[in-house]
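Each chain, written out:
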Amino acid sequence: MSDLIFNVEDHIAKITLNRPDRLNAFSEEMIHLWIEALETVRDSDHIRAVLIKGNGKGFCSGGDIKEMMAGNGFYKSEEDMTSTGLARKNSLWKKVQRIPLLLEEIDQPVIAQMHGAAFGAGLDMALMCDIRIASEEIRLSESYVNVGLVPGDGAAYFLPRLVGKDRALDMLWTGKVIEAEEAQQMGLVTFVVPRDEIETFTDDYLQKIVNGPQQAIQLTKRAVYQSENMSLRSSLDMISSSMGLVTELEDYQQGVQAVKEKRKATFK
């Protein structure tokens, strides 16, 4: 089996990290396949939602610690990843960091389903997603500091936006482990559910998205993220343009009619 499994079914793209013997730590193959999968999602008019999950006992441990200990960088590669500072930078910039940059281009909702552990870059990969559904036994840590590293995969960007600068720095400076209840209170995860219910909960959530008005959902996502870097005037200008567009669509007419008739809308 490959280190990452990608399939699309019923408008849902599923990305499954598949190195359970290494707690789904990165490999060169995994990163390449992850990039290809996200490019497929970005360019698809058929895919309506994305699910990212991990096989085995946990979500993702990020960089492969065994390869680091062997001096091979964050994961083993045939390319030069370690001889110079530039090589080490490019192993992130040209490979791992392509993932958050591609996710930024994706309008479809992206859901992370998390269980077990998500440490370091593995946690960062979940923070890049729009919604995080975690099981009750989840353990989260920005563990870079434990091996003398800076947060190289987006934590310095995503984490403060979710939990605030002070809590982000606390996690990054101490490498503390956060469990489910605290993680939800902090805003690290969106939902916490029992381990034996997480598949059903996630499937139900995805169906709500897949069966919703797609243009409205995607334009709403774009508005939320772009408004973070806009003035109020610019944000309102953008969303009024989106409102003008969606009110021309059949989904709008269907939704209004369904409310009038007190029934559930069937969006196209």
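The structure under discussion appears in the preceding block.
Residues numbered from 1 in each chain as written. Predicted model: local features only at pLDDT ≥ 70, side-chain atom pairs only at ≥ 80, totals over all residues. Heavy atoms only, no water.

Asks: Lay out the pairing of strand S1 (residues 4–9) with the relevant residues and their values.
Replies: One ladder, built from six bridges, connects S1 with strand S2 (residues 12–17); its direction is antiparallel. Each bridged residue has a counterpart across the sheet, and for Phe6 the counterpart in S2 is Ile15. Counting the residues that bridge the hairpin from S1 to S2 gives two residues, and of these Asp10 lies at a positive phi of roughly 50°. (Pairing = 2+ DSSP bridges. Helix = DSSP H or I, 4+ residues; strand = E, 2+ residues; numbered from the N terminus.)

Asks: Tell me about the packing of helix H10 (residues 214–227) against helix H11 (residues 232–246), residues and numbers included.
Replies: A packed helix pair is summarised by two numbers, namely the angle formed by the two axes and the spacing between the axes. Packing of H10 against H11 brings their axes to within 10 Å, and their N-to-C directions diverge by 175°. Viewed along their axes, H10 and H11 adopt a mutual orientation that is roughly antiparallel. Contact residues: H10 offers Ala216, Leu219, Arg222, Ala223, Gln226 and Ser227, while H11 offers Ser235, Met238, Ile239, Ser242 and Val246. Classifying every residue of the contact of H10 with H11 gives six nonpolar, four polar and one charged. (Axes fitted to C-alpha atoms, helices over the stretch in contact; angles between N-to-C directions. Parallel < 35°, antiparallel > 145°, perpendicular 65-115°, else oblique. Contact = heavy atoms within 4.5 Å. Nonpolar A, V, L, I, M, F, W, Y, C, P; charged D, E, K, R; others polar.)

Asks: Any chance you could break down the nonpolar core for me, citing the residues and the numbers?
Replies: Membership of the largest hydrophobic core comes to 53 residues, with the highest contact counts inside it found for Phe26, Trp34, Ile99, Met114, Leu140 and Leu188. Ranked by the residues each element gives to this core, the list is headed by helix H1 (residues 28–42), at seven residues. Ignoring anything within four residues of it in the chain, the contact list for Ile99 reads Ile31, Trp34, Ile35, Leu38, Met125 and Met128. (Core = buried A, V, L, I, M, F, W, Y, C linked by side-chain atoms within 4.5 Å. Buried < 20%, exposed > 50% of the residue type's maximum accessible area, 1.4 Å probe, protein only.)

Asks: So what about the pattern of salt bridges? Which residues, and what values?
Replies: This model, assessed by the stated rule, comprises 15 salt bridges. Across the pair Glu105 and Arg42 runs a salt bridge, and its minimum N-O distance is 2.9 Å. Of this pair, Glu105 sits in the loop between helix H4 (98–104) and strand S4 (110–114) while Arg42 sits in helix H1, and the two are 63 residues apart along the sequence. According to the relative accessible area criterion, Glu105 is partly exposed, its value standing at 41%. Salt bridges linked by common partners bring Asp3, Arg19, Arg22 and Asp64 together as one network. (Salt bridge = Lys/Arg side-chain N within 4 Å of Asp/Glu carboxyl O.)

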